[in-house]
Amino acid sequence: MTKKEKVKKILEELHKKFGEPKCALNFETPFELLVAVILSAQCTDKRVNIVTEEMFKEVNTPEQFANMEIEEIENYIKSTGFFRNKAKNIKKCSQQLLEKYNGEIPQDMDKLTELAGVGRKTANVVRGEVWGLADGITVDTHVKRITNLIGLVKSEDPIKIEQELMKIVPKKSWIVFSHYLILHGRATCIARRPQCKNCEISDCCNYGKIKLLKEN
């Protein structure tokens, strides 16, 4: 089975399983999503949603975050981990948005990634969820781990993984492909204990085939 055939199988099977997936982060505005994705680094979406549910009731605009003390932001987001660095990025990003873009989130990939705390992963999520734009494929920990297990890539570098996936995943499926693997990683291909016997795509997964052969 070629890599493109594997991708086709993955898209078909996980569409049956998950239907039309939505972003796991809760948000009402593009800026709220941007903040939530910044907070999601090294943190679960569930924890981020708990934090933002309370925080966004009080502060949810670039103006508010730009005028807050770093310590105030830290107090809101402490449980997301790496909170000091995240707080600095959120404040600086808010200031940049006000100074350069009148508080609006730019659609352009290069402009987005110039903002504090915004890398390609964050930019891909925001552009995909808000405007349905796809200049690349979001590579989070689930996507990195599962694509390596399947044998679609052989790298730990998110940028290299994204470049390889863009060659084999149809562009129209770039956004949904990441969603499917993230959902699959939470439901079945769980880190440290993949449920290969219950996996819908084990027949096109290098790791799954080997594991099932050993168990049988």
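Bear in mind that the values here come from a model prediction, so they are computed numbers and not experimental data. (Residues numbered from 1 in each chain as written. Predicted model: local features only at pLDDT ≥ 70, side-chain atom pairs only at ≥ 80, totals over all residues. Heavy atoms only, no water.)

K.L.:
Explain the overall build of the chain here, please?
P.N.:
Secondary structure assignment for the chain yields 12 helices and zero strands. Taken against the 2.2 N^0.38 rule, which gives 17 Å for 216 residues, the C-alpha radius of gyration of the chain at 18 Å falls within 12% of a compact globule. Over its C-alpha atoms, taken along the principal directions, the chain stretches across nearly 60 × 30 × 30 Å. Looking at the 216 residues of the chain, the share that counts as buried comes to 49%. Intrachain contacts of the chain at a sequence separation of at least 6 include 58% that bridge at least 24 residues. Accessible surface computed for the chain: about 11,600 Å², of which carbon and sulfur atoms make up 49%. Put simply, the chain has 36 plus and 30 minus side-chain charges, and the middle of one group is 9 Å from the middle of the other. (Helix = DSSP H or I, 4+ residues; strand = E, 2+ residues; numbered from the N terminus. Rg over C-alpha atoms; globule rule 2.2 N^0.38 Å. Buried < 20%, exposed > 50% of the residue type's maximum accessible area, 1.4 Å probe, protein only. Contact = heavy atoms within 4.5 Å. Areas by Shrake-Rupley, 256 points an atom, 1.4 Å probe, with all protein chains shown as cover. Lys, Arg positive; Asp, Glu negative; His and termini not counted. Charge placed at Lys NZ, Arg CZ, Asp CG, Glu CD.)

K.L.:
In this structure, what is going on with the UniProt feature "domain: HhH-GPD" (unreviewed entry) in the chain? I would like to understand it.
P.N.:
Mapped onto this numbering, the UniProt entry annotates "domain: HhH-GPD" (unreviewed entry) at residues 39-187. From the first C-alpha to the last, residues 39-187 spans 22 Å; its make-up is 67% helix and 0% strand. (UniProt positions renumbered as here; feature names shortened; annotations may be inferred.)

K.L.:
Before we go on, may I ask you to explain the pattern of salt bridges in this structure?
P.N.:
Once the charged atoms of two side chains with opposite charge are near each other, the side chains can pair. Applying the stated rule across the entire model yields 11 salt bridges. With its nearest N and O atoms 3.7 Å apart, the salt bridge here joins Lys9 to Glu13. Remark: Glu13 and Lys9 occur in helix H1 (residues 3-18); sequence separation between them is four residues, near one turn of the helix. Looking at Lys9, the relative accessible area reads 21%, which means it is partly exposed. A salt bridge links Lys9 to Asp203, with the nearest nitrogen and oxygen atoms 3.6 Å apart. With Lys9 in helix H1 and Asp203 in the loop between helix H11 (174-187) and helix H12 (206-215), this pair connects stretches of sequence that are 194 residues apart. Salt bridges sharing common partners tie together Lys9, Glu13, Lys16 and Asp203. (Salt bridge = Lys/Arg side-chain N within 4 Å of Asp/Glu carboxyl O.)

K.L.:
Where do I start with the UniProt feature "binding site: [4Fe-4S] cluster" (unreviewed entry) in the chain in this structure?
P.N.:
Feature annotation in UniProt places "binding site: [4Fe-4S] cluster" (unreviewed entry) on Cys189, Cys196, Cys199 and Cys205, given in this structure's numbering. Of the residues just listed, which span 17 residues, no C-alpha pair is farther apart than 10.9 Å, and they cluster in one region. Residue classification places Cys189 among the buried residues on the basis of a relative accessible area of 11%. Residues within four places of Cys189 in sequence aside, it is in contact with Arg145, Ile146, Leu149, His184 and Pro194. Within the fold, Cys196 resides in the loop between H11 and H12. The contact partners of Cys196, leaving out residues within four places of it in the chain, are Ser202, Tyr207, Gly208, Lys211 and Leu212.

K.L.:
Sorry, what's going on with the side chain of Lys91 here?
P.N.:
Relative to the helices and strands, Lys91 is located in helix H6 (residues 83-101). One buried charged residue, Lys91, forms no salt bridge at all, with the nearest opposite charge on Glu69 at 6.2 Å. Discounting residues that sit within four places of it in the chain, Lys91 has contacts with Phe65, Ala66, Asn67, Met68, Ile70 and Ile73.

K.L.:
Where do I start with helix H3 (residues 45-58) in this structure?
P.N.:
Its 14 residues give H3 an end-to-end C-alpha distance of 20 Å, which sits within 8% of 20 Å, the value for a rise of 1.5 Å per residue. Within H3, the full set of buried residues consists of Asp45, Val48, Asn49, Val51, Thr52, Met55 and Phe56. On its buried face, H3 is in contact with helix H2 (30-39), helix H4 (62-67), helix H5 (70-77) and H11. (Expected span 1.5 Å × (residues − 1).)

K.L.:
Teacher, can you tell me more about the packing of aromatic side chains here?
P.N.:
Summed over all chains, the structure comprises two aromatic pairs. Here Phe18 and Tyr180 contribute two aromatic rings whose centre-to-centre distance is 6.5 Å and whose plane-to-plane angle is 25°, an arrangement assigned as stacked. In this pair, Phe18 sits in helix H1 while Tyr180 sits in helix H11, placing the two residues 162 residues apart along the sequence. Residue class for Phe18 comes out partly exposed when judged on its relative accessible area of 23%. Judged by centre distance (5.9 Å) and plane angle (50°), the rings of Phe31 and Phe65 are tilted. You can see Phe31 sitting in helix H2 and its partner Phe65 sitting in helix H4, a full 34 residues away along the chain. Taking relative accessible area as the criterion, Phe65 reaches 0% and is therefore assigned buried. (Phe/Tyr/Trp six-rings, centres within 6.5 Å; stacked < 30°, edge-to-face > 60°.)

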